[in-house]
Amino acid sequence: ELLAELLMSDSAISEDLLGRARQLGIPVSGWHLAVRVEADDLDEAEQDEVRRFELLESAGQAALQAVSATGETWYLSRIARAIILIRMTTSNPGPQAGARAARSAERALQAIAARLPALRFRAGVGAAHEGPMGLRASAAEARGALAAARAARRPAGVAAHDAVGIRRMLMEWYASDTVRASVRDQLAPLEKLGPARADTAIRTLAAYLDEQGSVVKTAERLHLHRNAVTNRLRSITELLDVDLEDPDQRLALQLACRARLLG
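Nothing here was measured: the structure is a model prediction, and the numbers come from that model.

Q: How should I be thinking about the pattern of salt bridges in this particular structure?
A: For side chains of opposite charge, pairing can occur when their charged atoms come near one another. In this structure the tally under the stated criterion is 22 salt bridges. Where Arg20 meets Asp16, a salt bridge forms, and the shortest distance between an N and an O atom there is 3.7 Å. With Arg20 and Asp16 both in helix 2 (residues 15-23), this residue pair falls 4 residues apart, about one helical turn. With a shortest N-O distance of 3.5 Å, Arg221 and Asp210 are connected by a salt bridge. Linking Arg221 in helix 10 (residues 215-222) with Asp210 in helix 9 (residues 195-210), this pair joins segments that are 11 residues apart in sequence. Beyond isolated ion pairs, a larger network of salt bridges with shared partners links Arg36, Glu38, Asp40, Asp41, Arg120, Arg122 and Arg150.

Q: Would you take a moment to explain the packing of helix 10 against helix 11 (residues 226-240) for this structure?
A: In a pair of packed helices, the angle between the axes and the distance between the axes together describe the arrangement. It is at 9 Å that the axes of helix 10 and helix 11 come closest, and there the two elements cross at 105 degrees. In terms of orientation, helix 10 and helix 11 fall into the roughly perpendicular class. Contacts from Val215, Val216, Thr218 and Ala219 in helix 10 reach Arg226, Val229, Thr230 and Leu233 in helix 11. Residue classes in the contact of helix 10 with helix 11 are distributed as 5 nonpolar, 2 polar and 1 charged.

Q: How do you make sense of the environment of Met169 when you look at a structure like this?
A: Its location among the elements puts Met169 in helix 7 (residues 166-174). Classification of Met169 by relative accessible area gives partly exposed; the value is 49%. Between the alpha carbons of Met169 and Arg52 there is a distance of 40 Å; along the sequence they are 117 residues apart.

The rules we used
- Residues numbered from 1 in each chain as written.
- Predicted model: local features only at pLDDT ≥ 70, side-chain atom pairs only at ≥ 80, totals over all residues.
- Heavy atoms only, no water.
- Salt bridge = Lys/Arg side-chain N within 4 Å of Asp/Glu carboxyl O.
- Helix = DSSP H or I, 4+ residues; strand = E, 2+ residues; numbered from the N terminus.
- Axes fitted to C-alpha atoms, helices over the stretch in contact; angles between N-to-C directions.
- Parallel < 35°, antiparallel > 145°, perpendicular 65-115°, else oblique.
- Contact = heavy atoms within 4.5 Å.
- Nonpolar A, V, L, I, M, F, W, Y, C, P; charged D, E, K, R; others polar.
- Buried < 20%, exposed > 50% of the residue type's maximum accessible area, 1.4 Å probe, protein only.

And the structure:
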């Protein structure tokens with residue numbers, strides 16, 4: 001409840017809140033990294049508000065147990081229908097903190113799915129920040145990562161904050177008229193399929209390239225059978241007339257797909 005107050009307050013964090021946190025042994029002056037977990041289909045799955053509350057409570061406990069199993073210090077909070085997991089450390093957790101938290105978020109989603117298989121949850125991961133305001137910053141980044149994943153219509157899973165600026169770099173790169181023309185030329189055979197089919201093809205290709213050419217992982221990410229992914233990729237490569245074993249062509253296509261899906 002105290003963490004929810006810290007996160008939800010619109011004003012500067014008061015000394016009263018900080019004092020209460022210290023009394024409870026919560027190291028709010030340390031480093032914080034937030035993971036925000038939300039259900040995509042809670043309203044459709046359960047109409048009763050009390051039952052929805054119970055489901056989220058159960059999901060939160062399953063998530064906390066999963067992330068705490070590694071021995072790290074995590075705290076659990078709730079804001080409306082969002083489950084907030086916060087990892088706290090007394091010192092800077094280092095540049096790999098986000099990657100570790102993303103793996104913990106994966107474990108949390110797996111634990112929730114095992115307990116509540118009828119619901120579909122996703123998670124957003126913020127970067128590590130110092131101090132009470134850093135706690136808010138990380139929670140805001142986790143929320144933003146979730147919103148961006150939904151806007152891009154990505155499958156339910158873990159979305160991490162763009163801490164290294166890849167999205168920003170892509171947007172600046174794609175701002176060039178020459179680059180946009182190159183992307184259009186590369187993906188033109190797919191665009192000719194029509195908006196819906198082109199979007200499906202490009203997302204399939206993007207997932208395959210992001211998963212480093214693994215049909216199995218691509219199928220899992222897209223919730224498809226492996227044969228369906230193989231058939232799609234065969235059609236895509238024939239239309240594009242490319243060799244996905246060639247690293248230069250693969251990189252060019254991955255950049256083109258990422259840029260095309262930015263919006």
